[in-house]
Amino acid sequence: MKLFIGIELQPDILDKLYSLQNILREKERTARFPTRENLHLTLQFLGETPEEAVEAIKNSLKKVAQGSQPFTLSFGAELGYFGPADQVRVVWLGMKDDFSVLLELQKNIAQAMCDLGFAKEDRGYSPHITLARDVKFKSSRVFVKNGRIDVPVESFPAMLVGQFSLIESRMVQGRIVYQALERFHLEV
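The present account deals with the structure reproduced in this document. (Residues numbered from 1 in each chain as written. Predicted model: local features only at pLDDT ≥ 70, side-chain atom pairs only at ≥ 80, totals over all residues. Heavy atoms only, no water.)

1. Digging into the side chain of Ser169
Here comes step 1: Looking at the secondary structure, you find Ser169 in strand β11 (residues 163–172).
Here comes step 2: The contact partners of Ser169, leaving out residues within four places of it in the chain, are Lys2, Ile176, Val177 and Tyr178. (Helix = DSSP H or I, 4+ residues; strand = E, 2+ residues; numbered from the N terminus. Contact = heavy atoms within 4.5 Å.)

What follows is the structure, encoded as structure tokens:
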């Protein structure tokens, strides 16, 4: 089973993200867009995981949640991208303000998963929500510059995060579907 740990987003945030995706759709020649219901904030990617490891993962994540506090997530006002401007690999919306509690939660999750034998990421954690992949814009000179994409971003409401989830990614009738296997409530 293919697993990751993430924060599921509330409906009003999903609506705004979907609206941003629609703006991007008007400006792209080709791209792949996650479905509205699959938009999330990844905390840790686990990848292919044996089913017999799931119970140990859940137990570890329960301990992390018990030692973590709820926090507020504030979304950025600009879209960024990974990859060269003429072949954007990922268009993303980042976080703003102080997200030190989010970083602490992610660090604790990463360490708990490392203790279970999962590989540590080589690069640092950069919290973002993926809006599109493999994007070729109609006119990259106009829209892509200095690591940012020139698309207006309406302000987002802040979101209180009181839980994170262990999520399975499955292919169902040719579509990727994410399903929360368990949600872990932040308790401090």
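Read on for the rest.
2. Some thoughts on the packing of aromatic side chains
How two aromatic rings sit relative to each other is set out by the distance from centre to centre and by the angle between their planes.
Here comes step 1: All told, the structure shown has 4 aromatic pairs when counted by the stated rule.
Here comes step 2: Seen from their ring centres, Phe75 and Phe156 are 5.4 Å apart, and the 40° between their planes marks the pair as tilted. Remark: Phe156 occurs in the loop between β9 (148–149) and β10 (159–161) and Phe75 occurs in strand β5 (residues 75–82); sequence separation between them is 81 residues. Each member of the pair, Phe75 together with Phe156, is buried.
Here comes step 3: It is Lys16 that lies over the ring of Phe156; its NZ or CZ is 5.9 Å from the centre.
Here comes step 4: Above the face of the Phe33 ring, Arg25 is positioned so that its terminal group lies 4.3 Å from the ring centre. (Phe/Tyr/Trp six-rings, centres within 6.5 Å; stacked < 30°, edge-to-face > 60°. Buried < 20%, exposed > 50% of the residue type's maximum accessible area, 1.4 Å probe, protein only. Lys NZ or Arg CZ within 6 Å of the ring centre and 35° of its normal.)

3. Structural notes on the nonpolar core
Here comes step 1: Judged by nonpolar contacts, the single largest core of 51 residues is most densely connected at Phe75, Leu79 and Phe164.
Here comes step 2: The residues touching Leu79, leaving out its near neighbours within four places in the chain, are Leu20, Leu24, Val91, Trp92, Leu93, Leu131, Gly147, Arg148, Ile149, Val151 and Val153. (Core = buried A, V, L, I, M, F, W, Y, C linked by side-chain atoms within 4.5 Å.)

4. Structural notes on the environment of Leu93
Here comes step 1: Its place among the elements puts Leu93 in strand β6 (residues 88–95).
Here comes step 2: By relative accessible area, Leu93 is classed as buried at 0%.
Here comes step 3: Through-space distance from the C-alpha of Leu93 to that of Arg36 is 14 Å; in sequence the pair is 57 residues apart.
Here comes step 4: When neighbours within four sequence positions are excluded, Leu93 is seen to be in contact with Leu17, Leu20, Phe75, Gly76, Glu78, Leu79, His128, Ile129, Leu131, Val153 and Phe156.

5. Considerations on the sheet that holds β11
Here comes step 1: Taken together, 4 strands build an open sheet; the order of strands is β3-β1-β11-β12 and the sheet is antiparallel. Of all strands in the sheet, those bounded by a partner on one side alone are β3 (40–48) and β12 (175–185). Mean inter-strand twist for the sheet, computed between neighbouring axes without regard to direction, equals 25°.
Here comes step 2: With 5 bridges joining them, strand β1 (residues 2–8) and β11 adopt antiparallel strand pairing. Bridging from a neighbouring strand, Phe4 pairs with Ile167 of β11.
Here comes step 3: Each of β1, β3, β11 and β12 touches helix α2 (residues 54–66); the most contacted strand, β12, lies at about 50° to it.
Here comes step 4: Lying over the sheet, helix α3 (residues 100–115) contacts β1, β3 and β11, oriented at roughly 10° with respect to β3. (Pairing = 2+ DSSP bridges. Axes fitted to C-alpha atoms, helices over the stretch in contact; angles between N-to-C directions.)

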